Amino acid sequence: MEEIKKCIGSNTKICVAVKADGYGHGAYEVSQTALAAGAHCLAVSAVSEGRELREAGISADILVLSLPTPQEIPELLGLKLIPLVFDAEFIHMLNVKALEAGTVLDVHLKIDTGMGRIGCTPADAPILAGLLSSSEGLNLAGICTHFSSSDSLREEDINFTHMQFDRFMQAVSLIKDAGINPGMLHCANSGAVLLYPETHLDMVRCGLLAYGYYPGDLAQSLQGSSHDSRPVLEPVMELCTQVSAIMHVMPGTPISYGHTWKAPSETDIGIIPCGYGDGILRRYGKKLCVTIGGRPYPIVGRICMDQCMIDLGTDSGVKRWDRVSIFGPASAGSLFSAEDIARDNDTIPYEIICGINKRVPRIIVQSTSA
Ligand SMILES: *Cc1c(COP(=O)(O)O)cnc(C)c1O
């Protein structure tokens, strides 16, 4: 959070995206930490995620980024979650239910400026803003859009992001010209926080940056660059476990389902009680190494639901119950981050961290650098 604040002006608020259980970190724990560190509000994707935070005692504003179903509207109203709305049908429905419930609900208008997902067209935005301002059960508290390509340094993506921002600001100025107060303006995701300061406006909506990773291309191009203003990031999550057993095997011993790997020579095999049921997917196994005592050890054979095997060699000195880091920050001694696993598996760190399943206990540790 401190590193994000360095990228934005003092008048720009921070909304932290805690959807998908706080990108796999634990939505409540992340929310509490982010709010204590100065976040203005939170963003979830589903009403159920908002409920979880409200039930845990979070009273801050919570944006709901995906459109709720009609059946979820009563709960949305009860919890005072802030939906992003973008069409007349839903606005009418929401207004009627808000009036029935005797409340006025804050909503934000979502404009699709080129993401190709939810949102109204820039041309429809003034009409819908007008509809909202005449809906007595609703209060237009903000207007937003979302960038599709702000984490890329390709020229066409940079041009596209500028174009999206121009479309957004044009729609906003038409709304203002119509005498409507647009409320809070926000559009910057992590990529735009880093690359497009002009888009920060009243608030930025950060996800990945808050979890210690650069989005998209920026991991390689910005990380480690000597630029003073670049945030210095460390992965927030470490996935760790312990060696549950060690077996000494003879050359040719087959390991795990399907016997896709056989020991080429006499070796020690470590058993790690972590598998695809925890979010370490089978496909990661081809290139995945874990860290024990500062040294890398490759996963061998197929990753099972609950366990996987590593080749320790014959003189590792690794003992049963030794701590194993599957991925995490270098400061905790991990040689690999979710970014490394993502790169090796043709995906993005978002998918790796979100994929760590619920049965893995989340243990909150104090920062040692503070
Ligand atoms: C997830 C999300 C964000 C945060 O994106 P990051 O790339 O993680 O910063 C912002 N806005 C919307 C609408 C989102 O869905």
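Placed above this text is the structure.
Rules used throughout
Residues numbered from 1 in each chain as written. Predicted model: local features only at pLDDT ≥ 70, side-chain atom pairs only at ≥ 80, totals over all residues. Heavy atoms only, no water. Buried < 20%, exposed > 50% of the residue type's maximum accessible area, 1.4 Å probe, protein only. Helix = DSSP H or I, 4+ residues; strand = E, 2+ residues; numbered from the N terminus. Pairing = 2+ DSSP bridges. Right-handed = clockwise from strand over helix to strand, strands pointing away. Core = buried A, V, L, I, M, F, W, Y, C linked by side-chain atoms within 4.5 Å. Contact = heavy atoms within 4.5 Å. Axes fitted to C-alpha atoms, helices over the stretch in contact; angles between N-to-C directions. Parallel < 35°, antiparallel > 145°, perpendicular 65-115°, else oblique. Left-handed = near helix turned anticlockwise from the far one by under 90°. Nonpolar A, V, L, I, M, F, W, Y, C, P; charged D, E, K, R; others polar.

Draft legend 1. Fine view of the pairing of strand S2 (residues 41–44). On S2, burial covers both faces: Cys41 and Ala43 on one face and Leu42 and Val44 on the other are all buried. As paired elements, strand S1 (residues 13–17) and S2 share 3 bridges and run parallel to each other. Residue pairing for S2: Val16 is matched across the bridge by Leu42. With 4 bridges connecting them, S2 and strand S3 (residues 61–64) associate as parallel partners. Within S3, the position partnered with Ala43 by the bridge is Leu63. A crossover links S2 with its parallel partner S3, the connecting element being helix H4 (residues 47–55), and its sense is right-handed.

Draft legend 2. Structural view of the nonpolar core. Counting residues in each nonpolar core, the largest one holds 96 residues, and the members touching the most others are Leu109, Ile280, Ile326 and Phe327. For Leu109, the contacting residues outside a window of four places in its chain are Val85, Phe86, Cys120, Ala125, Leu128, Ala129, Leu132, Leu140, Gly142, Ile143, Cys144 and Ile175. Counting 10 residues, the second largest nonpolar core, distinct from the first, contains Cys15, Leu63, Leu84 and Cys144.

Draft legend 3. Seen up close, the environment of Ala17. Tracing the backbone shows Ala17 in strand S1. Ala17 gets classed as buried once you look at its relative accessible area, which sits at 5%. Separated by 14 residues in sequence, Ala17 and Ser31 have C-alpha atoms that sit 8.9 Å apart. Beyond its immediate sequence surroundings of up to four residues, Ala17 is in contact with Tyr23, Ala43, Cys206, Gly207 and Tyr211.

Draft legend 4. How the structure looks around the packing of helix H7 (residues 125–133) against helix H8 (residues 155–177). Where H7 meets H8, the axes come as close as 9 Å, and the angle between the chain directions of the two elements is 45°. With respect to H8, the axis of H7 lies oblique. Viewed along their axes, H7 and H8 form a crossing whose handedness is right-handed. When H7 is examined against H8, the residues Ala125, Pro126 and Ala129 are found in contact with a partner set consisting of Ala171, Leu174 and Ile175. The residue makeup of the contact of H7 with H8, split by class, is 6 nonpolar, no polar and no charged.

So yeah, pure geometry; function would need other evidence.
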